[in-house]
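Each chain is listed here by its residues.
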Amino acid sequence: MRDRLIIRPALPGERAALEALQLRASLIWEEHRADLAAHRGAIALMPGAIEQLRVRVALLVGEQAPAGFSQWSAISHDAWELEGLFVEPPPMRNRIGGELVADVLGLARDAGASRVSAGAAPRAVAFYERCGFVREGDAATRFGRVVWMGIDLRG
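Predicted model only: the values in this text are computed from it and were never measured. (Residues numbered from 1 in each chain as written. Predicted model: local features only at pLDDT ≥ 70, side-chain atom pairs only at ≥ 80, totals over all residues. Heavy atoms only, no water.)

A. A look at the overall build of the protein chain. Each helix and strand in the protein chain was counted, giving four helices and seven strands. Ordered by position in the sequence, the α and β elements of the protein chain form the string β-α-α-β-β-β-α-β-α-β-β. For the protein chain, whose C-alpha radius of gyration is 15 Å, the value lies close to the compact-globule estimate of 15 Å for 155 residues. Along the longest, intermediate and shortest principal axes, the C-alpha atoms of the protein chain span 40 × 35 × 30 Å. Out of the 155 residues belonging to the protein chain, those deemed buried represent 41%. (Helix = DSSP H or I, 4+ residues; strand = E, 2+ residues; numbered from the N terminus. Rg over C-alpha atoms; globule rule 2.2 N^0.38 Å. Buried < 20%, exposed > 50% of the residue type's maximum accessible area, 1.4 Å probe, protein only.)

Here you go:
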């Protein structure tokens, strides 16, 4: 997949397209539809994230529309959080999500971070485990329980 995928920083003009992608990716899970309908504002990139280069876009070679994106933040000088990971529903399960995670982990390592954490929906735990994350506990969100996961970048 790596030879068919380009990952780059998001551009300011892509905000609406990325938020629409996030909505499409989120609506595939029936259990989230009512909550998303009630909280439309939940589908939004963090203010300033694109301008601060904290959103990465995956494009299939030869395609114009994003196939997925990630959003992250630095919690401290050595800890990052993967705040969002969304892939268009049709290409899901084609390693795009895994490549986006690997991209964020590489950026974190290069910046000197020693760990990255993420809140995973229960159905996404196995995906994050395949990416090297381990379970660290549970957390409640307005959309239900998530499994807090982390990866140590030092080893």
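B. Helix α1 (residues 15–27), seen in detail. Here α1 contains 13 residues, and its C-alpha end-to-end distance of 18 Å stays within 8% of the 18 Å for a straight helix at 1.5 Å per residue. Those residues of α1 that sit buried are Leu18, Glu19, Leu21, Gln22, Ala25 and Ser26. Projected down its long axis, α1 carries its buried residues within an arc of 155 degrees, all on one side. (Expected span 1.5 Å × (residues − 1). Arc of directions from axis to C-beta.)

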